[in-house]
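Coordinate analysis (summary)
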Amino acid sequence: MESTCSELLDYCLRGEQWPDELLDRALAVDEGRAFLSVVVERLGDLFEPRLCDTYDKLFTQAIERVAPELTPRIRRASEPHAAPDFVERIYVLSRVTLGADVAVTSVLLDAAKRRYQRAEIVFVGPRKSYELFEDDRRIRHFRAPYARTGTLGDRLRASAALWVDRGIVIDPDSRLSQLGLISVCDESRYFFFPSRSYGGAGDERLPVLAARWVREVFGVQDAQPYVAPIPATGEPADITVSLGVGENEAKRIGGDFERDLLRSLAATGASILVDKGGSSQERERVERALLPGMRTHDGPFAPFAAQIATSKQYVGYDSAGGHVASACGVPLVSIAKGFVSARMAARWRPDGIVIDADRPGTLGAIQRALTK
């Protein structure tokens, strides 16, 4: 039961040692999926530096129980080391989620291109994430699938399959390495951006923190988030819209909000393009909200990202689309709801107008924002 995982989480948040039998029971719930979603994700989402050590200790014990053969691969943090003056190849790990690959990973890609102008740069991760950078001739792809909905064992096996024998690895706090806990190369060639602790108790945005880190580690000034999908074709839309929530229903507003939002956007007279989302459930929800004749995008996310880049404005729930708009300098209205902490909301906010949808009057706030 998820209550077992919630009990384990409470021990972690209080800074108390959890009973071994409680961890064993938590790992058994839905083959470790509840442990990942209830405990591990919350420890990361709070962006509390003190919880990073808790995560390392807890997940080390989880690995020892679920995949003891991986114990020799458990990474022990080392002293920072200087970036090499020359390198032939750079592997940059994906954060696995699309929004994080735009907000964080792309900053590291930009820095790698600037610092090592003759190096081969390899994006390591799922194909759908690589497609966001497919038109960048400096970036090639190394496919590393990751079962986001798989069991804990499935995800650990994905990490175990990744090992780099040459070149350096830049890790943006990736799920591929289990947030830097499983070694993917020799430590002397490994550079880890500790996104959950870097910045301490501040509220700076993750792209800003990532840019600061690459300045300190690689000496690169002003690294920026970016995307480079295959360019869009056809007539650009004035407003691109995404009602996707990345499988997190806490980000949604229920009732008639989504249809009322699209009706308000249509009333501006602007041409509108609505993404139908990445799942059958999202597609059905979007289709219920659409107005007759409204243009839609139905398919992979990268082509929609290309459409966002050519639009005049973006509107949507906090999700990958907002980070794409932010990276492309497209004015945006982000509907933010369901964050577990104020610091999480601050770290993930895109560069634009952010509407706090946990407060009443969200639609009116969006309508006022559209007139600015």
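Refer to the structure above for everything that follows.
The following refers to the structure shown. (Residues numbered from 1 in each chain as written. Predicted model: local features only at pLDDT ≥ 70, side-chain atom pairs only at ≥ 80, totals over all residues. Heavy atoms only, no water.)

Some words on the packing of helix α1 (residues 2-14) against helix α3 (residues 33-45)
This is how the line gets drawn: A fitted line through C-alpha atoms serves as each axis, taken over the contacting stretch for helices, and the angle formed by two N-to-C directions is quoted from 0 to 180°. What counts as a helix is a DSSP run of H or I of at least four residues, what counts as a strand is a run of E of at least two, and both are numbered from the N terminus. Oblique is the label for any angle not under 35 degrees, not over 145, and not in the 65 to 115 range, which are roughly parallel, roughly antiparallel and roughly perpendicular in turn. Crossing handedness is defined as follows: a turn of the near helix away from the far one that is anticlockwise and smaller than a right angle gives a left-handed crossing, while the clockwise case is right-handed. Working rule for contacts: check all heavy atoms of both residues, and any pair within 4.5 Å makes them a contact. By the convention adopted, Pro, Cys, Tyr, Trp, Phe, Met, Ile, Leu, Val and Ala count as nonpolar, Lys, Arg, Asp and Glu as charged, and the other residues, Gly among them, as polar.
Relative to each other, α1 and α3 sit at 25 degrees, their axes nearing to 9 Å. Overall, the two elements α1 and α3 adopt an arrangement that is roughly parallel. By crossing handedness, the relation of α1 to α3 is classed as right-handed. For the pair formed by α1 and α3, the contact residues are Glu2, Cys5, Ser6, Leu8, Leu9, Cys12 and Leu13 on the first element and Ala34, Phe35, Val38, Val39, Arg42 and Leu43 on the second. Of the residues belonging to the contact of α1 with α3, the class tally is ten nonpolar, one polar and two charged.

Section: the pairing of strand β6 (residues 239-242)
Put simply, the rule reads: Throughout, exposure labels follow a simple rule: accessible area from a 1.4 Å probe, protein chains only, divided by the maximum for the residue type, with under 20% read as buried, over 50% as exposed, and the rest as partly exposed. Being paired, for any two strands, means DSSP has found at least two bridges between them. Here the term right-handed applies to a crossover when the path leading from its first strand over the helix to its second strand runs clockwise, the strands being oriented away from the viewer.
Of the two faces of β6, the one holding Ile239 and Val241 and the one holding Thr240 and Ser242 are both buried throughout. Looking at chain direction, β6 and strand β7 (residues 272-275) are connected through four bridges and run parallel. When the sheet's bridge partners are listed, Thr240 is paired in β7 with Leu273. Handedness of the crossover joining β6 and β7 through helix α9 (residues 257-266) is recorded here as right-handed. When β6 meets strand β9 (residues 313-317), the two strands line up parallel, connected through four bridges. Bridged to Thr240 within β9 is Tyr314.

With respect to the layout of surface pockets
Threshold: The method works on a 1 Å grid over the protein atoms by themselves. A cavity is a set of points holding a 1.4 Å probe that cannot get out, a pocket is an open set with protein on both sides within 12 Å along at least five of seven lines, and residues with an atom within 4 Å of a point line them. Grid points are joined across faces, edges and corners, and a volume is the space filled by probe spheres set on the points.
Considering only enclosed or pocket space, the second largest pocket measures out at about 690 Å³ in volume. Lining the second largest pocket are 27 residues, and of these Arg75, Ala77, Ser78, Phe192 and Pro194 lie nearest its centre. Counting residues per element, the ones that place at least two in the lining of the second largest pocket are α4 (50-66), β5 (190-192) and α8 (206-218). The element best represented in the lining of the second largest pocket is α4, accounting for four residues. Residue composition of the lining of the second largest pocket, by class: 14 nonpolar, five polar and eight charged.

Some words on the packing of α1 against α4
A pair of packed helices is characterised by two quantities: the angle between their axes and the separation of those axes. Contact geometry of α1 with α4 gives a least axis separation of 9 Å together with a crossing angle of 135 degrees. Classified by the angle between their axes, α1 and α4 sit oblique to one another. Here α1 runs over α4; the crossing is right-handed. Contacts between α1 and α4 pair Leu8, Cys12 and Leu13 from the former with Arg50, Leu51, Thr54 and Leu58 from the latter. When grouped by side-chain class, the residues that make up the contact of α1 with α4 number five nonpolar, one polar and one charged.

Points about the nonpolar core
Generally speaking, soluble globular proteins have nonpolar side chains that are buried together. For clarity, the cut-off: What we call a nonpolar core is a set of buried Ala, Val, Leu, Ile, Met, Phe, Trp, Tyr and Cys residues that are connected through their side-chain atoms within 4.5 Å.
Counting residues in hydrophobic clusters, the biggest one holds 57 residues, and the most contacted among them are Ile90, Trp213, Phe218 and Trp348. Ranked by the residues each element gives to this core, the list is headed by helix α5 (residues 98-115), at ten residues. For Trp213, the contacting residues outside a window of four places in its chain are Leu108, Ile170, Phe191, Phe192, Phe193, Pro194, Tyr198 and Phe218. In this structure, Leu36, Ile63, Ala67 and Leu152 belong to the second largest nonpolar core, which totals 33 residues.

Some words on the packing of aromatic side chains
The condition that has to hold: Ring geometry is summarised as follows: Phe, Tyr and Trp rings, the Trp one being its six-membered ring, pair when their centres sit within 6.5 Å, and such pairs are stacked at plane angles under 30 degrees, edge-to-face over 60 and tilted between the two. Whether a charge sits over a ring comes down to the Lys NZ or Arg CZ being within 6 Å of the ring centre and within 35 degrees of the ring normal.
Scanning the entire structure with this criterion turns up 13 aromatic pairs. Both rings, one in Phe35 and one in Phe59, keep their centres 6.1 Å apart while their planes meet at 25 degrees; by these two values the pair is stacked. Taken as a pair, Phe35 in helix α3 and Phe59 in helix α4 lie far apart in primary sequence, 24 residues in all. For Phe59, a relative accessible area of 1% puts it in the buried group. Following the ring pairs from residue to residue traces out a cluster consisting of Tyr116, Phe191, Phe193, Tyr198, Trp213 and Phe218. Sitting over the face of the ring of Phe192, Arg75 holds its NZ or CZ atom 5.5 Å from the ring centroid. Here the basic side chain of Arg196 rests over the ring of Tyr55, its NZ or CZ set 5.1 Å away from the ring centre.

What about the pairing of β9?
With five of its five residues buried, β9 lies for the most part within the structure. Pairing between β9 and strand β10 (residues 332-336): four bridges, direction parallel. Across the sheet, the residue bridging to Gly316 is Ser334, located in β10. Chirality of the crossover, the property in question, places the unit of β9, helix α12 (residues 320-328) and β10 among those that are right-handed.

Thoughts on the sheet that holds β10
Pairing is parallel in the open sheet, where six strands are placed in the order β8-β7-β6-β9-β10-β11. Two strands bound the open sheet, and with one partner strand each, they are β8 (295-297) and β11 (353-356). Geometrically, the sheet is characterised by an average inter-axis angle of 20 degrees between neighbouring strands, direction not taken into account.

Comments concerning empty space enclosed by the protein
On inspection of all chains with the given rule, the structure shows one cavity of 30 Å³ or more. Taken as a whole, the largest cavity holds about 40 Å³ of empty space. The wall of the largest cavity is formed by Val102, Ala103, Arg205, Pro207, Pro225, His323, Ser326 and Ala327. For the lining of the largest cavity, a count of residues per class yields five nonpolar, two polar and one charged.

Some remarks on the sheet that holds strand β3 (residues 139-143)
Strand order in this open sheet of five strands is β3-β2-β1-β4-β5, and the pairing throughout is parallel. A single partner strand is all that each edge strand has here, and the edge strands are β3 and β5. Looking at each pair of strands side by side, their axes are set apart by 25 degrees on average, direction ignored. The pairing of strand β1 (residues 89-93) with strand β2 (residues 120-125) spans five bridges and is parallel.

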